[in-house]
Every structure is written in C-alpha cells, then in structure tokens.
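Okay, here's what each chain looks like letter by letter:
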Amino acid sequence: LMIRLVSPDDGLGKDNLLRAGIALGRALGNRGNARGSKVGDIGSMHALGYRCALKREPYVMDETICDLVEHVSRPMRDWMEDHMQEALKDMIAADRRTNVAYTLSCMPTGPGSRMMVSVNLANAAHLDVDDTSVSVAMWLEERPGVATNWYFILPNVAYQGSTG
C-alpha cells in the first residue's frame, strides 16, 4: 500500500491531472456501467478501456469520452513515472503479458489498459473475486480542500504489519 499526494497543479495546460479528471467525471454522468443498479450503491462507477484484455474487448466509449480519457491517462502516466515507478512498471508488465500494452487509442501511453472512474460513489464492502490487477486509486476534489466527511476503508488490508 502506497499513499502519495498529487498536487492540483501537476501536469500542463489541458493535460493537468486535476482538471482532466474532473472533466472526465463530469462528462461520464450519473449512470455508471460497472456495477448493477440493484446493489445499493450511491453514485456511479464507470469502466473504461478493456473489459477483457485476453479477448481485447473494450468497453464502449464515445469519441468525447475517449478524448477525455486520453487527457487523464497522459498526465497520470507522467505522474506515476515521477512518483510510483514500481507500480507503473508492474502495470505495464501485466498488460504486456496479455498483449494489450499501448493498444487503446484513448490510452496510447497507458498507464494501463483499463480505468475505473467513480463519481461520488458510496458502496458496501465487497470482494473483487479473481481481481489480480495492479491498481492505482486517485481521489479528486472539484474544489481542493472543501470535501468533508469522506472515508476510504480497506478492512482486509494490512499496512506495515498491522492486524486490522
């Protein structure tokens, strides 16, 4: 488990990580495609990139969303090169093993071949069965420093030898 802070100013111009992430979240809207409507979630989760890497089966995205995904993926890759080199290397290696590294037009430089975007998501504890992916999570505030009463809980994760 690695925790890093991202400056709201990381990236340049249109490819600023914060602005690009916020623009993508706004464009995706309230209806996600990654979790069913009857699971009790509040908010939405959107899957982007490959649904199945082995079959090279992508999630359906329109041109506008593809453009916005590219504007998030480029500065995310740059940020990971500076701050999470080992995690980036592991993500690229996983994509290379399934021959999908750098094959999506909307994620030409990665950092991986899929992206999950949650917008104001609150969901119940769950286990992602058979999820062997290397994951990086990023939380964005539309107005940095304003969000209150939010939590991210990993009940089954040990950190530096902790037991809970």
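Refer to the structure above for everything that follows.
The present account deals with the structure reproduced in this document. Just so you know, these numbers come straight off a predicted model, no measurement behind them.

Cut-offs applied
- Throughout this document, residue positions are counted from 1 along each chain, in the order its sequence is written.
- The model is predicted, so local features are restricted to residues of pLDDT at least 70 and side-chain atom pairs to those at 80 or more, both for listing and for counting; the totals for chains, interfaces and linings are taken over all residues.
- Calculation of side-chain values draws on the structure's entire complement of heavy atoms; hydrogens and water are dropped beforehand.
- Put simply, DSSP H or I for four residues or longer makes a helix, DSSP E for two residues or longer makes a strand, and each gets a number counted from the N terminus.
- In this scheme, a helix's expected span is set at 1.5 Å multiplied by one less than its residue total.
- Relative accessible area decides the class of each residue, using a 1.4 Å probe on protein chains only: under 20% of the type maximum gives buried, over 50% gives exposed, and in between gives partly exposed.
- In what follows, a contact means two residues having at least one pair of non-hydrogen atoms within 4.5 Å.
- For the purposes of these results, a polar contact is taken to be a pair of N or O atoms within 3.5 Å, where, inside protein, one atom must be able to donate a hydrogen and its partner to accept one; residues adjacent in sequence count only when each atom of the pair is a side-chain atom.
- Salt bridge, as used here, is a side-chain nitrogen of Lys or Arg placed within 4 Å of a carboxyl oxygen of Asp or Glu.
- Strand pairing is assigned whenever DSSP identifies at least 2 bridges connecting the two strands.
- Residues belong to one nonpolar core when they are buried, are Ala, Val, Leu, Ile, Met, Phe, Trp, Tyr or Cys, and are joined through side-chain atoms within 4.5 Å.

**Quick look at the environment of Cys66**
Within the secondary structure, Cys66 sits in helix α2 (residues 63-83). With 42 residues separating them in the primary sequence, Cys66 and Leu24 have C-alpha atoms 9.5 Å apart.

**Examining helix α1 (residues 17-28)**
The end-to-end C-alpha separation of α1 is 17 Å, in line with the 16 Å expected for twelve residues at 1.5 Å each. Every buried residue belonging to α1 is among Leu17, Leu18, Ala20, Gly21, Ile22, Leu24, Gly25 and Leu28, and all of these are buried. Each element contacted by the buried residues of α1 is listed here: β1 (42-52), α2 and β3 (114-122). In this structure Asn16 caps α1, since a side-chain oxygen of it lies 3.0 Å from the backbone nitrogen of Leu18. One or two steps after α1, the chain reaches Gly29, where phi turns positive at roughly 80 degrees.

**Quick look at the pattern of salt bridges**
Evaluation of the coordinates by the stated rule reveals four salt bridges. Close ionic contact of Glu57 with Arg51 constitutes a salt bridge, the shortest N to O distance being 3.3 Å. A salt bridge links Arg74 to Glu70; the nearest nitrogen and oxygen atoms lie 2.6 Å apart. Residue Arg74 and its partner Glu70 are located together in helix α2, separated by four residues, close to a single helical turn.

**Concerning the sheet that holds strand β2 (residues 57-58)**
In space, the three strands of this open sheet follow the order β2-β1-β3, with antiparallel pairing throughout. The sheet is open, and its two borders are formed by β2 and β3, each paired with just one other strand. In terms of strand pairing, β1 meets β3 through seven bridges, oriented antiparallel. Considered in β3, the bridge of Gly49 is made with Arg114.

**Digging into the environment of Leu48**
Considering the arrangement of structural elements, one finds Leu48 in strand β1. For the pair Leu48 and Met61, spaced 13 residues apart in the sequence, the C-alpha separation amounts to 7.4 Å. Excluding residues within four positions of it along the chain, Leu48 makes contact with Leu24, Leu28, Tyr59, Met61, Ile65, Val69, Met107, Ser113, Arg114, Met115 and Val117.

**Topic: the nonpolar core**
Among soluble globular proteins, nonpolar side chains are generally buried collectively. Of all hydrophobic cores here, the largest spans 19 residues; its most connected members are Leu24, Leu48, Val69 and Met115. Taken together, the elements giving at least two residues each to this core come down to α1, β1, α2 and β3. A per-element tally of this core places α2 first, with five residues. What Met115 contacts, discounting residues up to four positions off in sequence, is Leu24, His46, Ala47, Leu48, Val69, Val72, Ser73 and Met107. Leu17, Trp79, Ala87 and Met91 belong to the second-largest nonpolar core, a separate cluster that totals nine residues.

**Describing unusual backbone geometry**
Between Gly110 and Pro111 the backbone carries a cis peptide bond, its omega angle lying at 15 degrees. Relative to the assigned elements, Pro111 resides in the loop between α3 (85-97) and β3. The phi torsion at Arg56 lies on the positive side, around 55 degrees, for a residue other than glycine. Within the secondary structure layout, Arg56 lies in the loop between β1 and β2. Residue class for Arg56 comes out partly exposed when judged on its relative accessible area of 43%. We note that Tyr102 has phi near 60 degrees; this positive angle belongs to a residue other than glycine. Checked against the element boundaries, Tyr102 lands in the loop between α3 and β3. By relative accessible area, which is 35% here, Tyr102 ends up partly exposed.

On their own, these measurements won't tell you what the molecule is for.
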